[in-house]
Amino acid sequence: MAIGWKGVFPAVTTQLRADLSIDIADTQRVVDDLIRDGVTGVIALGTVGENNSLEYDEKVQVLSAIVEVVDGRVPVITGVSEYDTRRAVRYAQAAEKAGADGLMLLPPMVYVPKAHELVAHFKGVAEQTGLPIMLYNNPPAYRTVIDQEVLTQLIDVPNIVAVKESAPDTRRFTDFRNAFGDRYVLFAGLDDVALEGLYLGAQGWVSGLTNAFPKESVELVAAFARGDHAKAMEIYRWFMPLLHLDAEHDLVQSIKLAEEVMGRGSERVLPPRYVLQGERRAEVIAMVEKAAATRPDLSVAKAA
């Protein structure tokens, strides 16, 4: 289906059984619940989906299951996070065959490319698929910057259409709009600067904590879109302690633990990650429980 490139796209979790095998049925349930709660689209196999902890065949299996349960209700975008261009092309083509609607393309993993190498990687994937592509910029995590030099060299690649901006420096939204106008659709990709991103020109939000609190996430973006800035700010301030988790090293464990506390999924993660323990675990649980106990009233916003 066509991607509207706006709204809330949670980076969905991959659910696991007690033996750490992939629980396809529960992964489908989690995704279905999110759609029923109003999300605009889903990101399958992003960082929160533990992409790089899965084998190739497992990735295709999980993506195919998500496409099946979504059943055309919202767009499905899948992360393409590979060591090299050859592997990225292989998965991108498999994703297209499996029914994905778009790709979220990351820089090569491990090796830190120079600008011309990064451009060649993105072009190399884009030329081998007909799917629209969102590039994923996250310098703190991947040590690679998708800057204006890179985006300038990609202007003529028709299926590179969007940029997920996860740098904490929100000035980049304005710089990109000034440099490229509406050539690239911008998405906020770091939860604790999401509202700032919307104010500065982002059309949507790729979110982690939406997995635990989807209705509040959807209403935050909806309130902003209809000009109810007071409601958007109220939700954002309530949400902020949890949104900070998305910028931490243990974001996957924290988000999956938040899901479990909220009765939406399991905290199990694949090695080398392990579930949170001790003081950190207690801290995250307390944060989620406090958020659940102080949820903003969304009924007034919906009535408006």
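Residues numbered from 1 in each chain as written. Predicted model: local features only at pLDDT ≥ 70, side-chain atom pairs only at ≥ 80, totals over all residues. Heavy atoms only, no water.

1. Observations regarding the sheet that holds strand β1 (residues 7–10)
Pairing between the strands of a sheet is mediated by backbone hydrogen bonds and can be parallel or antiparallel. For the record, the criterion: Here, a strand pair is defined by DSSP locating no fewer than two bridges between the strands. Helix numbering and strand numbering both begin at the N terminus, where a helix is a DSSP run of H or I of at least 4 residues and a strand a DSSP run of E of at least 2. Whenever a helix is involved, its axis is fitted only over the stretch in contact; in every case the axis is a line through C-alpha atoms, and angles between N-to-C directions fall within 0 to 180 degrees. The contact rule is simple, with two residues in contact once any of their heavy atoms fall within 4.5 Å.
Taken in spatial order, the eight strands line up as β1-β8-β7-β6-β5-β4-β3-β2 in an open sheet, and their pairing is parallel. Looking at which strands have only one partner, the edges of the open sheet turn out to be β1 and β2 (42–44). Adjacent strand axes in the sheet meet at a mean angle of 30°, parallel and antiparallel pairs treated alike. Across three bridges, the pairing between β2 and strand β3 (residues 76–80) is parallel. Bridge pairing in β3 places Val42 opposite Val76. With respect to the sheet, helix α7 (residues 171–180) is in contact with β5 (133–137), β6 (160–165) and β7 (185–188), its orientation differing from that of β7 by roughly 175°. With respect to the sheet, helix α9 (residues 214–225) is in contact with β1 and β8 (204–207), its orientation differing from that of β1 by roughly 150°.

2. Points about the UniProt feature "active site" (unreviewed entry) in the chain
Which entries qualify depends on this criterion: UniProt positions are given in the numbering used here, feature names are shortened, and annotations may be inferred rather than shown by experiment.
Cross-referencing UniProt, the feature "active site" (unreviewed entry) maps to Tyr136 and Lys164 in the present numbering. Annotated residues spanning 29 residues; largest pairwise C-alpha distance 4.8 Å, indicating a single compact cluster. In this structure, Tyr136 sits in strand β5. Not counting residues up to four positions away in its chain, the partners in contact with Tyr136 are Thr47, Met104, Leu105, Leu106, Pro107, Tyr142, Ile146, Lys164 and Ser166. If you trace the backbone, Lys164 turns up in strand β6. With near-sequence residues (within four places) excluded, Lys164 lies in contact with Met104, Met134, Leu135, Tyr136, Asn137, Phe187, Gly189 and Val206.

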